[in-house]
Amino acid sequence: MALSVRDLTVHYGSFAAVRGARLDIADGEVLALLGPSGSGKSTLLRAITGLEPSTSGSVRWDGADLAPVPVHRRGFGLVFQDGQLFPHRDVAANITFGLRMHGVPRREHAARVKALLDLVGLTGFERRRVTELSGGQAQRVALARALAPEPRLLLLDEPLSGLDAGLREQLAIDLAELLRRNKITALLVTHDQEEAFTLADRVAVLDAGKIRQEGAVRSVWQQPVDDGVARFLGVTSFVDGVAAGGLVRTPLGDVVLAAVTEGPVRLGLRPHALRVNENGLAGEVRAAVHRREHVRLVVSVGESTVDAVAPVTADLRAGDPVRLTLDPDGIAVVG
Ligand SMILES: Nc1ncnc2c1ncn2[C@@H]1O[C@H](COP(=O)(O)OP(=O)(O)OP(=O)(O)O)[C@@H](O)[C@H]1O
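Thresholds applied
Residues numbered from 1 in each chain as written. Predicted model: local features only at pLDDT ≥ 70, side-chain atom pairs only at ≥ 80, totals over all residues. Near = placed C-beta within 6 Å. Helix = DSSP H or I, 4+ residues; strand = E, 2+ residues; numbered from the N terminus. Nonpolar A, V, L, I, M, F, W, Y, C, P; charged D, E, K, R; others polar. Domains from an automatic or database assignment. Contact = placed C-beta atoms within 7 Å. Core = buried A, V, L, I, M, F, W, Y, C linked by C-beta atoms within 7 Å. Buried ≥ 20, exposed ≤ 12 C-beta atoms within 10 Å, placed from the backbone. Pairing = 2+ DSSP bridges.

Details of the site of the ligand
Every residue lining the ligand is accounted for by Y12, A17, G35, S37, G38, S39, G40, K41, S42, T43 and H191. Per element, the largest residue contribution to the shell around the ligand is 3 residues, and it comes from helix α1 (residues 41-49). In the shell around the ligand, the residues fall into 2 nonpolar, 8 polar and 1 charged.

Structure below.
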(Lines give C-alpha, C1' and ligand atoms only; values in the text may rest on other atoms or scores of the structure.)
Protein backbone atom coordinates (compact mmCIF):
# COMPACT_ATOMS: atom_id res chain seq x y z
CA MET A 1 0.00 0.00 0.00
CA ALA A 2 1.20 3.51 -0.77
CA LEU A 3 -0.83 5.22 1.95
CA SER A 4 -2.03 3.37 5.06
CA VAL A 5 -4.06 5.06 7.77
CA ARG A 6 -4.72 3.09 10.93
CA ASP A 7 -6.94 3.90 13.95
CA LEU A 8 -6.66 7.61 13.26
CA THR A 9 -8.50 9.80 15.74
CA VAL A 10 -8.57 13.59 15.64
CA HIS A 11 -10.00 15.80 18.38
CA TYR A 12 -10.98 19.45 18.46
CA GLY A 13 -10.88 19.96 22.20
CA SER A 14 -12.98 17.14 23.63
CA PHE A 15 -14.89 16.60 20.37
CA ALA A 16 -13.74 13.66 18.23
CA ALA A 17 -14.13 14.84 14.61
CA VAL A 18 -12.53 11.63 13.24
CA ARG A 19 -12.77 8.35 15.14
CA GLY A 20 -10.57 5.34 14.49
CA ALA A 21 -10.25 5.83 10.74
CA ARG A 22 -8.64 3.07 8.71
CA LEU A 23 -7.97 3.34 5.00
CA ASP A 24 -5.50 2.35 2.32
CA ILE A 25 -4.67 3.80 -1.05
CA ALA A 26 -2.67 1.74 -3.52
CA ASP A 27 -0.26 3.22 -6.05
CA GLY A 28 -2.15 4.94 -8.88
CA GLU A 29 -5.49 4.58 -7.15
CA VAL A 30 -8.07 7.32 -6.50
CA LEU A 31 -10.01 7.08 -3.23
CA ALA A 32 -12.95 9.37 -2.50
CA LEU A 33 -13.94 10.29 1.04
CA LEU A 34 -17.66 10.78 0.73
CA GLY A 35 -19.93 12.03 3.47
CA PRO A 36 -22.40 14.70 4.54
CA SER A 37 -21.33 18.13 5.70
CA GLY A 38 -19.60 17.98 9.07
CA SER A 39 -18.86 14.24 8.86
CA GLY A 40 -15.11 14.81 9.27
CA LYS A 41 -13.87 14.50 5.68
CA SER A 42 -11.69 17.61 5.65
CA THR A 43 -10.37 16.85 9.12
CA LEU A 44 -9.26 13.38 8.01
CA LEU A 45 -7.62 14.80 4.88
CA ARG A 46 -5.85 17.49 6.90
CA ALA A 47 -4.63 14.91 9.43
CA ILE A 48 -3.17 12.84 6.57
CA THR A 49 -1.32 15.89 5.23
CA GLY A 50 -0.02 16.69 8.71
CA LEU A 51 -1.85 20.03 8.84
CA GLU A 52 -4.02 18.78 11.71
CA PRO A 53 -2.42 16.92 14.63
CA SER A 54 -3.98 13.55 15.39
CA THR A 55 -4.79 12.30 18.89
CA SER A 56 -3.86 8.71 18.12
CA GLY A 57 -3.24 6.32 15.25
CA SER A 58 -0.81 6.35 12.36
CA VAL A 59 -0.35 7.59 8.80
CA ARG A 60 2.23 5.63 6.81
CA TRP A 61 3.68 5.85 3.33
CA ASP A 62 5.08 2.58 1.97
CA GLY A 63 5.22 1.40 5.56
CA ALA A 64 7.17 4.40 6.91
CA ASP A 65 5.50 6.37 9.71
CA LEU A 66 4.93 9.99 8.64
CA ALA A 67 4.54 11.35 12.19
CA PRO A 68 8.06 12.87 12.27
CA VAL A 69 7.80 14.19 8.67
CA PRO A 70 6.70 17.85 8.40
CA VAL A 71 3.87 18.80 6.01
CA HIS A 72 6.11 20.19 3.25
CA ARG A 73 8.36 17.12 3.25
CA ARG A 74 5.61 14.53 2.81
CA GLY A 75 5.62 14.87 -0.99
CA PHE A 76 1.88 15.57 -1.10
CA GLY A 77 0.11 18.02 -3.41
CA LEU A 78 -2.96 19.90 -2.19
CA VAL A 79 -5.92 21.47 -3.96
CA PHE A 80 -8.71 23.16 -2.00
CA GLN A 81 -12.21 24.29 -2.92
CA ASP A 82 -10.98 27.81 -3.51
CA GLY A 83 -7.69 27.22 -5.32
CA GLN A 84 -5.94 29.83 -3.17
CA LEU A 85 -3.83 31.19 -6.01
CA PHE A 86 -1.60 34.21 -5.48
CA PRO A 87 -3.74 37.01 -6.92
CA HIS A 88 -0.89 39.37 -7.79
CA ARG A 89 1.03 36.88 -9.90
CA ASP A 90 0.28 35.51 -13.34
CA VAL A 91 -0.53 31.88 -14.09
CA ALA A 92 3.08 30.89 -14.83
CA ALA A 93 4.36 32.45 -11.60
CA ASN A 94 1.73 30.59 -9.59
CA ILE A 95 2.81 27.27 -11.05
CA THR A 96 6.51 28.11 -10.78
CA PHE A 97 6.02 28.58 -7.06
CA GLY A 98 5.45 24.83 -6.76
CA LEU A 99 8.59 24.13 -8.76
CA ARG A 100 10.83 26.50 -6.79
CA MET A 101 9.60 25.06 -3.51
CA HIS A 102 10.98 21.73 -4.65
CA GLY A 103 14.29 22.90 -6.03
CA VAL A 104 13.59 22.41 -9.74
CA PRO A 105 16.36 24.32 -11.62
CA ARG A 106 15.21 27.67 -13.02
CA ARG A 107 16.16 26.76 -16.63
CA GLU A 108 13.59 23.95 -16.56
CA HIS A 109 10.72 26.10 -15.31
CA ALA A 110 9.29 27.37 -18.62
CA ALA A 111 9.13 23.91 -20.20
CA ARG A 112 7.58 22.40 -17.06
CA VAL A 113 4.97 25.16 -16.82
CA LYS A 114 4.05 24.64 -20.46
CA ALA A 115 3.74 20.88 -19.99
CA LEU A 116 1.56 21.36 -16.90
CA LEU A 117 -0.71 23.85 -18.66
CA ASP A 118 -1.09 21.41 -21.56
CA LEU A 119 -1.95 18.72 -19.04
CA VAL A 120 -4.79 20.72 -17.44
CA GLY A 121 -6.10 22.03 -20.77
CA LEU A 122 -4.87 25.63 -20.45
CA THR A 123 -2.23 25.75 -23.19
CA GLY A 124 -0.90 29.27 -23.70
CA PHE A 125 -2.25 30.70 -20.43
CA GLU A 126 1.20 31.47 -18.95
CA ARG A 127 0.89 35.25 -18.89
CA ARG A 128 -2.78 35.47 -17.90
CA ARG A 129 -3.51 37.31 -14.69
CA VAL A 130 -5.06 35.06 -12.09
CA THR A 131 -7.81 37.61 -11.42
CA GLU A 132 -8.92 37.30 -15.05
CA LEU A 133 -9.58 33.56 -14.92
CA SER A 134 -12.99 31.89 -14.67
CA GLY A 135 -13.63 29.68 -11.61
CA GLY A 136 -12.99 26.53 -13.63
CA GLN A 137 -9.76 27.91 -15.13
CA ALA A 138 -8.53 28.96 -11.68
CA GLN A 139 -9.09 25.43 -10.35
CA ARG A 140 -7.14 24.03 -13.32
CA VAL A 141 -4.25 26.35 -12.45
CA ALA A 142 -4.45 25.25 -8.80
CA LEU A 143 -4.27 21.66 -10.00
CA ALA A 144 -1.25 22.41 -12.23
CA ARG A 145 0.48 24.11 -9.30
CA ALA A 146 -0.18 21.12 -7.03
CA LEU A 147 1.07 18.69 -9.69
CA ALA A 148 4.20 20.76 -10.49
CA PRO A 149 6.52 19.07 -7.93
CA GLU A 150 5.21 15.63 -9.03
CA PRO A 151 3.68 14.75 -5.66
CA ARG A 152 3.43 11.10 -4.68
CA LEU A 153 -0.11 11.74 -3.41
CA LEU A 154 -2.55 14.39 -4.60
CA LEU A 155 -5.11 15.51 -2.03
CA LEU A 156 -8.20 17.26 -3.34
CA ASP A 157 -10.59 18.87 -0.85
CA GLU A 158 -13.91 19.63 -2.58
CA PRO A 159 -11.99 20.89 -5.63
CA LEU A 160 -15.11 21.48 -7.73
CA SER A 161 -17.58 22.71 -5.11
CA GLY A 162 -17.22 26.38 -5.96
CA LEU A 163 -18.20 25.83 -9.60
CA ASP A 164 -21.64 25.83 -11.23
CA ALA A 165 -23.27 22.51 -12.09
CA GLY A 166 -22.46 22.20 -15.81
CA LEU A 167 -18.83 23.22 -15.45
CA ARG A 168 -18.47 20.99 -12.45
CA GLU A 169 -19.60 17.94 -14.37
CA GLN A 170 -17.23 18.67 -17.27
CA LEU A 171 -14.28 19.36 -15.01
CA ALA A 172 -14.95 16.16 -13.05
CA ILE A 173 -14.77 14.18 -16.31
CA ASP A 174 -11.56 15.98 -17.37
CA LEU A 175 -10.00 15.47 -13.96
CA ALA A 176 -10.91 11.77 -13.92
CA GLU A 177 -9.23 11.35 -17.30
CA LEU A 178 -6.14 13.25 -16.18
CA LEU A 179 -5.77 11.21 -12.99
CA ARG A 180 -6.16 7.88 -14.80
CA ARG A 181 -3.96 8.71 -17.77
CA ASN A 182 -1.13 9.87 -15.52
CA LYS A 183 -1.68 7.15 -12.90
CA ILE A 184 -1.85 9.75 -10.17
CA THR A 185 -2.48 8.47 -6.64
CA ALA A 186 -5.13 10.69 -5.12
CA LEU A 187 -7.45 11.24 -2.19
CA LEU A 188 -10.57 13.24 -2.98
CA VAL A 189 -12.91 14.76 -0.42
CA THR A 190 -16.44 15.39 -1.61
CA HIS A 191 -20.04 15.41 -0.43
CA ASP A 192 -21.23 14.80 -3.99
CA GLN A 193 -21.89 11.17 -4.95
CA GLU A 194 -21.75 11.85 -8.68
CA GLU A 195 -18.34 13.41 -8.30
CA ALA A 196 -17.06 10.54 -6.17
CA PHE A 197 -18.32 8.00 -8.67
CA THR A 198 -16.90 9.86 -11.67
CA LEU A 199 -13.47 10.28 -10.14
CA ALA A 200 -12.75 7.44 -7.76
CA ASP A 201 -11.87 3.75 -7.96
CA ARG A 202 -12.92 3.26 -4.36
CA VAL A 203 -14.98 5.23 -1.86
CA ALA A 204 -15.00 5.49 1.90
CA VAL A 205 -18.30 6.74 3.30
CA LEU A 206 -17.89 8.85 6.42
CA ASP A 207 -20.57 9.76 8.92
CA ALA A 208 -20.15 11.47 12.28
CA GLY A 209 -16.38 10.96 12.17
CA LYS A 210 -16.50 7.23 11.42
CA ILE A 211 -15.87 5.38 8.19
CA ARG A 212 -19.10 3.41 7.77
CA GLN A 213 -18.14 1.58 4.61
CA GLU A 214 -15.21 1.36 2.26
CA GLY A 215 -14.90 -0.46 -1.03
CA ALA A 216 -15.03 -0.40 -4.80
CA VAL A 217 -17.35 2.31 -6.08
CA ARG A 218 -19.82 -0.07 -7.67
CA SER A 219 -20.09 -2.44 -4.70
CA VAL A 220 -20.70 0.39 -2.22
CA TRP A 221 -23.36 1.81 -4.53
CA GLN A 222 -25.08 -1.55 -4.99
CA GLN A 223 -24.62 -2.94 -1.47
CA PRO A 224 -24.62 -0.24 1.21
CA VAL A 225 -24.00 -1.74 4.65
CA ASP A 226 -26.93 -0.09 6.43
CA ASP A 227 -29.90 2.23 5.99
CA GLY A 228 -27.82 5.32 6.85
CA VAL A 229 -25.22 4.74 4.14
CA ALA A 230 -28.00 3.76 1.72
CA ARG A 231 -29.87 7.01 2.39
CA PHE A 232 -26.72 9.03 1.88
CA LEU A 233 -26.29 7.25 -1.45
CA GLY A 234 -29.68 8.31 -2.77
CA VAL A 235 -31.98 5.59 -1.41
CA THR A 236 -35.32 7.15 -0.42
CA SER A 237 -37.33 4.12 0.70
CA PHE A 238 -36.87 0.54 1.82
CA VAL A 239 -38.77 -2.68 1.29
CA ASP A 240 -38.18 -6.12 2.77
CA GLY A 241 -38.43 -9.15 0.53
CA VAL A 242 -37.47 -12.77 0.14
CA ALA A 243 -34.99 -13.99 -2.47
CA ALA A 244 -35.23 -17.39 -4.14
CA GLY A 245 -33.44 -18.43 -7.33
CA GLY A 246 -32.42 -14.87 -8.22
CA LEU A 247 -35.96 -13.51 -7.90
CA VAL A 248 -36.88 -11.26 -5.00
CA ARG A 249 -40.52 -11.15 -3.96
CA THR A 250 -41.59 -7.93 -2.22
CA PRO A 251 -44.90 -6.27 -1.32
CA LEU A 252 -44.15 -3.82 -4.18
CA GLY A 253 -43.75 -6.58 -6.78
CA ASP A 254 -41.12 -9.07 -7.88
CA VAL A 255 -37.71 -8.22 -9.27
CA VAL A 256 -34.80 -10.20 -10.70
CA LEU A 257 -31.56 -9.38 -8.86
CA ALA A 258 -28.52 -11.39 -9.87
CA ALA A 259 -26.13 -11.10 -6.93
CA VAL A 260 -28.49 -11.68 -4.05
CA THR A 261 -28.26 -14.41 -1.46
CA GLU A 262 -31.27 -16.64 -0.83
CA GLY A 263 -33.62 -15.79 2.01
CA PRO A 264 -34.80 -12.52 3.55
CA VAL A 265 -33.35 -9.36 1.95
CA ARG A 266 -33.75 -5.66 2.54
CA LEU A 267 -33.90 -3.56 -0.61
CA GLY A 268 -33.11 0.14 -0.76
CA LEU A 269 -35.02 1.96 -3.47
CA ARG A 270 -33.75 5.01 -5.33
CA PRO A 271 -36.52 6.98 -7.04
CA HIS A 272 -35.95 5.24 -10.39
CA ALA A 273 -36.36 1.82 -8.75
CA LEU A 274 -40.07 2.25 -9.39
CA ARG A 275 -41.13 3.14 -12.92
CA VAL A 276 -44.53 3.91 -14.33
CA ASN A 277 -45.69 1.01 -16.46
CA GLU A 278 -48.86 -0.39 -18.01
CA ASN A 279 -48.92 -3.29 -15.61
CA GLY A 280 -47.77 -3.58 -12.07
CA LEU A 281 -48.65 -2.28 -8.68
CA ALA A 282 -51.56 0.20 -8.58
CA GLY A 283 -51.06 3.54 -6.86
CA GLU A 284 -52.15 7.16 -6.92
CA VAL A 285 -49.95 10.13 -7.79
CA ARG A 286 -49.54 12.54 -4.86
CA ALA A 287 -47.09 14.91 -6.52
CA ALA A 288 -45.26 15.23 -9.85
CA VAL A 289 -42.14 17.31 -10.47
CA HIS A 290 -40.72 17.72 -13.97
CA ARG A 291 -36.97 17.18 -14.22
CA ARG A 292 -34.61 17.34 -17.20
CA GLU A 293 -34.59 13.60 -17.86
CA HIS A 294 -37.74 12.30 -16.20
CA VAL A 295 -40.81 13.17 -14.14
CA ARG A 296 -40.27 12.50 -10.47
CA LEU A 297 -43.36 11.22 -8.68
CA VAL A 298 -44.53 10.70 -5.15
CA VAL A 299 -47.07 7.87 -5.23
CA SER A 300 -49.25 6.41 -2.52
CA VAL A 301 -49.51 2.64 -2.63
CA GLY A 302 -51.95 1.32 -0.04
CA GLU A 303 -50.81 2.72 3.28
CA SER A 304 -47.30 3.68 2.15
CA THR A 305 -45.79 6.42 0.03
CA VAL A 306 -42.99 5.76 -2.45
CA ASP A 307 -40.91 7.72 -4.95
CA ALA A 308 -41.08 6.77 -8.61
CA VAL A 309 -40.23 8.09 -12.05
CA ALA A 310 -42.07 8.45 -15.34
CA PRO A 311 -40.77 9.43 -18.81
CA VAL A 312 -40.57 13.18 -19.50
CA THR A 313 -43.49 12.82 -21.89
CA ALA A 314 -45.82 11.58 -19.14
CA ASP A 315 -48.64 13.98 -18.35
CA LEU A 316 -49.34 13.01 -14.77
CA ARG A 317 -50.83 15.08 -11.96
CA ALA A 318 -51.82 14.60 -8.36
CA GLY A 319 -54.83 12.27 -8.13
CA ASP A 320 -54.04 10.29 -11.33
CA PRO A 321 -53.93 6.49 -11.06
CA VAL A 322 -50.61 4.86 -12.04
CA ARG A 323 -49.07 1.43 -12.13
CA LEU A 324 -45.49 0.85 -11.04
CA THR A 325 -42.93 -1.88 -11.64
CA LEU A 326 -39.57 -2.42 -9.99
CA ASP A 327 -36.41 -1.68 -12.00
CA PRO A 328 -33.25 -3.46 -10.75
CA ASP A 329 -31.15 -0.43 -11.84
CA GLY A 330 -32.49 1.67 -9.00
CA ILE A 331 -32.24 -1.01 -6.32
CA ALA A 332 -29.53 -1.53 -3.71
CA VAL A 333 -29.26 -4.58 -1.49
CA VAL A 334 -28.83 -3.27 2.05
CA GLY A 335 -26.78 -4.96 4.74
N1 LIG B 1 -11.03 24.01 13.84
C2 LIG B 1 -12.08 23.38 14.35
N3 LIG B 1 -12.39 23.51 15.67
C4 LIG B 1 -13.43 22.86 16.21
N5 LIG B 1 -14.27 22.05 15.52
C6 LIG B 1 -14.03 21.88 14.22
C7 LIG B 1 -12.93 22.55 13.56
N8 LIG B 1 -12.94 22.18 12.27
C9 LIG B 1 -14.00 21.35 12.11
N10 LIG B 1 -14.65 21.17 13.28
C11 LIG B 1 -15.82 20.30 13.49
O12 LIG B 1 -15.45 18.97 13.20
C13 LIG B 1 -16.48 18.29 12.46
C14 LIG B 1 -15.93 17.80 11.15
O15 LIG B 1 -15.60 18.91 10.33
P16 LIG B 1 -15.00 18.73 8.88
O17 LIG B 1 -14.73 20.08 8.32
O18 LIG B 1 -13.90 17.76 8.92
O19 LIG B 1 -16.24 18.07 8.12
P20 LIG B 1 -16.50 17.89 6.58
O21 LIG B 1 -17.09 16.53 6.44
O22 LIG B 1 -15.28 18.18 5.80
O23 LIG B 1 -17.61 18.97 6.32
P24 LIG B 1 -17.87 19.92 5.03
O25 LIG B 1 -18.28 19.00 3.92
O26 LIG B 1 -19.02 20.78 5.50
O27 LIG B 1 -16.61 20.66 4.79
C28 LIG B 1 -17.61 19.29 12.33
O29 LIG B 1 -18.54 19.01 13.35
C30 LIG B 1 -16.96 20.63 12.55
O31 LIG B 1 -17.87 21.52 13.14
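Having seen it, we continue.
Things to note about the domain arrangement of the protein
Under the domain assignment, the protein is made up of domain 1 (3-222) and domain 2 (228-334). In this structure, domain 1 and domain 2 have C-alpha centres spaced 37 Å apart. The partner domain 2 presents 7 residues to the 8 residues of domain 1 that form the contact. At the level of secondary structure, the elements contributing two or more residues to the side of domain 1 that touches domain 2 comprise β9 (202-207), β10 (210-216) and α7 (217-222). A per-class count over the side of domain 1 that touches domain 2 returns 3 nonpolar, 3 polar and 2 charged.

Comments concerning the nonpolar core
Generally speaking, a soluble globular protein has its nonpolar side chains buried in company with each other. Core analysis: the largest hydrophobic core is formed by 94 residues, its most contacted members being L33, L187 and L188. Sort the elements by how many residues they give to this core and helix α4 (residues 135-147) lands first, with 7 residues. Summarising the domain contributions, this core has at least three residues from each of domain 1 (3-222) and domain 2 (228-334). Setting aside residues no more than four positions away along its own chain, L187 makes contact with I25, L31, L33, L45, I48, L153 and L155.

Comments concerning the pairing of strand β14 (residues 263-269)
The pairing of strand β11 (residues 237-244) with β14 spans 7 bridges and is classified as antiparallel. Among the inter-strand pairings, S237 is bridged to a residue of β14, identified as L269.

Some thoughts on α1
By the criterion of burial, α1 is predominantly enclosed, with 8 of the 9 residues buried. Among all positions of α1, only K41, S42, T43, L44, L45, R46, A47 and I48 are buried. Following α1 by one or two positions, G50 adopts a phi angle in the positive range, close to 95 degrees.

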